[in-house]
Amino acid sequence: MSAPRWVDVARAANLLGADGTPRATVFAEMSALAAATGSVNLGQGFPDVDGPESVARVAADSIRAGVNQYPPGPGIPELRHAIAAHQARRYGLSLDPDSQVLVTAGATEAMAATVLALAGPGDEVLTLEPFYDAYAAVIALAGATHTTAPLRATPDGFRLDEDALAAAFTSRTRLVVINTPHNPTGAVLTRDELGLVARLAQQHDALVVTDEVYEHLTLPGPDGVRATHVPIATLPGMAQRTLTISSAGKTFSFTGWKIGWVSGPAELLDAVRTVKQFLTYVNGAPFQPAVAFALQDEGVAAWVDELAASLARRRDLLSDGLRAAGFAVARPQGTYFVVADAAPLGYDDGVALCRDLPRLCGVVGVPVSAFTRPGSPTDEALRSWVRFTFVKRDDVLAEAVGRLARLGA
């Protein structure tokens, strides 16, 4: 008898131990370890301060006004129009809010509905590696084959391996999933890198799905110039073959609201909408007007710019602390995260280090191997790497840096 389907999905999501039995995700394991030991938890990436009070007030007012029942399946018109206007204003992308924008339960549902709608047995779904852990699970749920192309650590941070990307495309490549700004490495793909993805997708007649949840959280480099986020849908010939995913959670620091969206060609959105209605159906009725407000309000836009500047400062605080502790650090260009190599500390296994860190210094991170395919070349290359989040208050990061100094001592 063949193994039940959940085994394939659990294996793809790296949720099975060496003996084949289910285990908790490394995120749950490390969070539990932090709670048990009183360690500073830099493992899971969510803010410890809420977003703009003006946005929260709109949500509260919506609840009091009775916006508490099912919203329209595609999302309320005000939010869909706000998303379309945002894409036009920021990137020059023209979208019909009624047929080319779909509101979802966060970006994760948007990704799941998209992959389930557009890929299946016999298809390959190509992602960058390392990859956000949910990608592998939804590809397995779709019955498709997960293939990867590596991001390589360089003196300028993580960069796309162009030769490896070209070699990863085959005649069966149906979807290409890219994430920029990238979790976990913090890389922001350049226009040239995206241009290569675009050319290969067109040559192989593949669709592109792009996860842009950190689109507004790009950070300055050593020259002080902030990295530029370029949506691949803006490149020539790509609007008609790209589905763009984003969400309010990261941009506005309301990760628990789970309001995301996917936009793109109407015929592709029809397929995604068909699947989405059998997942969460609808969600977040009182939060949708709040996100519509947030996407259009100039004061909130200024708040987001201040958030990005604050994240740059906090990135530098944590990165400097990690270097002083003995890690080799890859400078992130965006997101909430920095990844660091523990090999200079004598650790060739990031999992082992993460389990030891609470005892050694009272800090928790997560191994980068949580974002790779077990046994892949990228998994081997990044085996000693650990991801830490800097989306925490300054005092929390200062405490973490002080504790990490014990490693350097």
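Predicted model, so just to flag it, every value in this text is computed and none were measured. Residue positions are given per chain, counted from 1 along the sequence in the order it is written. Local features in this predicted model are restricted to residues of pLDDT 70 or higher, and side-chain atom pairs are both shown and tallied only at a pLDDT of 80 or more, whereas totals for entire chains, interfaces and linings draw on every residue. Only heavy atoms go into the side-chain values, all of them from the structure, while hydrogens and water stay out.

Describing unusual backbone geometry
Link 1 in the chain: Cis geometry is adopted by the peptide bond preceding P130, which originates at E129 and carries an omega value of 10°.
Link 2 in the chain: The residue P130 is located in the loop between β3 (124–129) and α6 (134–142) in this model.
Link 3 in the chain: Note that the residue after T180, namely P181, is joined by a cis bond; omega there is -10°.
Link 4 in the chain: Here P181 shows up in the loop between β6 (173–179) and α8 (191–203).
Link 5 in the chain: Here Y281, not a glycine, exhibits a phi torsion of approximately 70°, which is positive. Helix and strand assignments follow DSSP, with helices taken as H or I runs no shorter than four residues and strands as E runs no shorter than two, numbered in order from the N terminus.

Concerning the UniProt feature "domain: Aminotransferase class I/classII large" (unreviewed entry) in the chain
Link 1 in the chain: UniProt positions are given in the numbering used here, feature names are shortened, and annotations may be inferred rather than shown by experiment. Mapped onto the present numbering, the UniProt feature "domain: Aminotransferase class I/classII large" (unreviewed entry) falls on residues 40–404.
Link 2 in the chain: Helix makes up 41% of residues 40–404 and strand 18%, and the two end C-alpha atoms of the span are 10 Å apart.

Re the packing of aromatic side chains
Link 1 in the chain: Here the aromatic set is Phe, Tyr and Trp, taking the six-membered ring for Trp, and pairing holds for ring centres within 6.5 Å; pairs whose planes are under 30 degrees apart are stacked, those over 60 apart are edge-to-face, and all others are tilted. Under the defined criterion, the tally for this structure stands at 10 aromatic pairs.
Link 2 in the chain: Ring geometry for F27 and F371: centres 5.7 Å apart, planes at 70°, overall edge-to-face. Within this pair, whereas F27 is found in helix α2 (residues 26–37), its partner F371 is found in the loop between β13 (366–367) and α14 (377–381), the two being separated by 344 residues in sequence. Both residues of the pair, F27 and F371, belong to the buried class.
Link 3 in the chain: Aromatic pair Y214 and F337: ring centres 6.3 Å apart, planes at 80°, arrangement edge-to-face. Here F337 lies in strand β11 (residues 337–341) and Y214 lies in the loop between β7 (207–211) and β8 (242–247), a separation of 123 residues in the sequence.
Link 4 in the chain: Throughout this description, buried means an accessible area under 20% of the type-specific maximum (1.4 Å probe, protein chains only), exposed means over 50%, and partly exposed covers the range between. We classify Y214 as buried; its relative accessible area is 3%.
Link 5 in the chain: Geometrically, a charge over a ring is one whose NZ (Lys) or CZ (Arg) sits within 6 Å of the ring centre while staying within 35 degrees of the ring normal. Taking the ring centre of F337 as reference, the NZ or CZ of R387 above it sits at 3.7 Å.
Link 6 in the chain: For K392, the ring lying beneath its charged end belongs to F46, and the centroid distance is 4.0 Å.

Some remarks on the sheet that holds strand β5 (residues 157–160)
Link 1 in the chain: Only when DSSP finds a minimum of two bridges between them are two strands counted as paired. Strand order in the open sheet formed by eight strands is β2-β9-β8-β7-β6-β3-β4-β5, with mixed pairing between adjacent strands. Both outer strands of the open sheet, β2 (101–104) and β5, are each paired with one neighbouring strand and no more. For this sheet, the mean angle separating the axes of adjacent strands, direction not counted, is 25°.
Link 2 in the chain: The pairing of β8 with strand β9 (residues 260–263) spans four bridges and is antiparallel. Its bridge partner being in β9, I245 is matched across the sheet by V262.
Link 3 in the chain: Residue contacts are counted whenever heavy atoms from the two residues lie within 4.5 Å of one another. Axis lines are fitted to C-alpha atoms, over the contacting stretch for helices. Their N-to-C directions set the angle, which ranges from 0 to 180 degrees. Contacts between helix α10 (residues 266–276) and the sheet are confined to β2, β7, β8 and β9, with β2 contributing the most and set at about 25° to the helix.

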